[in-house]
Amino acid sequence: MASSEKKHILILEDDLEFGPLLQESLQLEGYSVSLYTLASRAIAHLDENDADLVITDLLIRDGDNYVQDGGIKLISEIKQIRSLNVPVIAISGSFRKDQYYAMSTAMTVGADKTIAKPVDPKELLAIMRCYI
């Protein structure tokens with residue numbers, strides 16, 4: 001990728017306030033950003049487009065229920081099924097006791113880094129710069 005081109009970030013986030021806020025803040029930093037609320041849509045995006053980095057929430061909800069179409073599925077698809085060489089940062093805001101399990105599973109299936117929410121934007125940018 002030429003240095004004059006914007007780095008492209010793919011985000012999977014179900015929080016309808018946090019997702020767009022993260023997208024906007026990264027765009028203000030000069031990144032091109034695509035935001036999705038389901039892993040299947042993010043995967044479809046990767047079928048047609050490259051990404052320089054993926055930021056994914058681990059636990060995706062549809063209303064009050066968690067769905068299987070979330071971050072673990074996306075990470076598995078990227079790292080294990082397609083063997084794409086794209087760094088993945090997994091984030092989770094679950095305060096339930098399964099947060100540790102979700103973070104551990106994310107690392108097992110190939111996440112490069114895990115971060116607990118709330119995410120400090122400066123910390124996230126510093127981590128991102130380690131990968132792109």
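All residue numbers refer to position in the chain's written sequence, counted from 1. In view of the model being predicted, local features appear only for residues whose pLDDT reaches at least 70, and side-chain atom pairs are presented and counted only at 80 or more, with totals across whole chains, interfaces and linings using the full set of residues. Only heavy atoms go into the side-chain values, all of them from the structure, while hydrogens and water stay out.

Undergrad: Tell me about the pairing of strand β6 (residues 88–92), residues and numbers included.
TA: A 1.4 Å probe rolled over the protein chains alone gives each residue an accessible area, and that area as a share of the maximum for its type sets the label: buried under 20%, exposed over 50%, partly exposed in between. The secondary structure listing takes helices from DSSP runs of H or I that are at least 4 residues long and strands from runs of E that are at least 2 residues long, numbered from the N terminus. Across the five residues that make up β6, a large majority, five, are buried. When DSSP finds at least two bridges between two strands, those strands are taken to pair. Relative to β6, strand β3 (residues 53–57) runs parallel, the two being bridged by four bridges. Bridge pairing in β6 places I55 opposite I89. Bridge count between β6 and strand β7 (residues 113–116): four bridges; the pairing is parallel. Looking at β7, one finds that S92 is bridged to A116.

Undergrad: How would you explain the sheet that holds β7 if you had to name every residue and give the values?
TA: On the basis of which strands lie adjacent, the open sheet formed by five strands has the order β2-β1-β3-β6-β7 and parallel pairing. Where the open sheet ends on each side, the last strands, each with one partner, are β2 (32–36) and β7. Each strand of the sheet is rotated relative to its neighbour by a mean of 20 degrees, with strand direction disregarded. In this sheet, β3 lies alongside strand β1 (residues 8–12) in parallel orientation, the contact comprising four bridges. Inter-axis angles, ranging from 0 to 180 degrees, are taken between N-to-C directions of lines fitted to C-alpha atoms, where helices are fitted over the stretch in contact.

Undergrad: Give me the lowdown on the packing of helix α2 (residues 39–48) against helix α3 (residues 71–81), citing residues and values where you can.
TA: Two numbers describe how α2 lies on α3: the axes approach to 9 Å, and their chain directions differ by 25 degrees. With respect to α3, the element α2 is oriented roughly parallel. Handedness of the α2/α3 crossing: right-handed. Here A39, S40, A42, I43 and L46 of α2 lie close against α3, whose contacting residues are K73, L74, E77 and I78. Any angle between 65 and 115 degrees counts as roughly perpendicular, while under 35 counts as roughly parallel, over 145 as roughly antiparallel, and the rest as oblique. In a left-handed crossing the near helix is turned counterclockwise from the far helix by less than a right angle, and in a right-handed crossing that turn is clockwise. Only heavy atoms enter the contact rule, under which two residues are in contact if any of them lie within 4.5 Å.

Undergrad: Which residues make up the pattern of salt bridges, and what are the values?
TA: Salt bridges are defined by distance alone: a side-chain nitrogen of Lys or Arg within 4 Å of a carboxyl oxygen of Asp or Glu. In this structure the tally under the stated criterion is seven salt bridges. Across the pair K117 and E13 runs a salt bridge whose closest N-O atoms are separated by 2.9 Å. A residue pair is termed long-range when its members are at least 10 positions apart, and K117 in the loop between β7 and α5 (121–131) and E13 in the loop between β1 and α1 (18–28) qualify at 104 residues. Linking R129 and E29 is a salt bridge whose minimum nitrogen-to-oxygen distance equals 3.4 Å. Taken as a pair, R129 in helix α5 and E29 in the loop between α1 and β2 lie far apart in primary sequence, 100 residues in all. The exposure class of E29 is partly exposed, given its relative accessible area of 42%. Taken together, the shared-partner salt bridges in this structure form one network comprising E13, D57 and K117.

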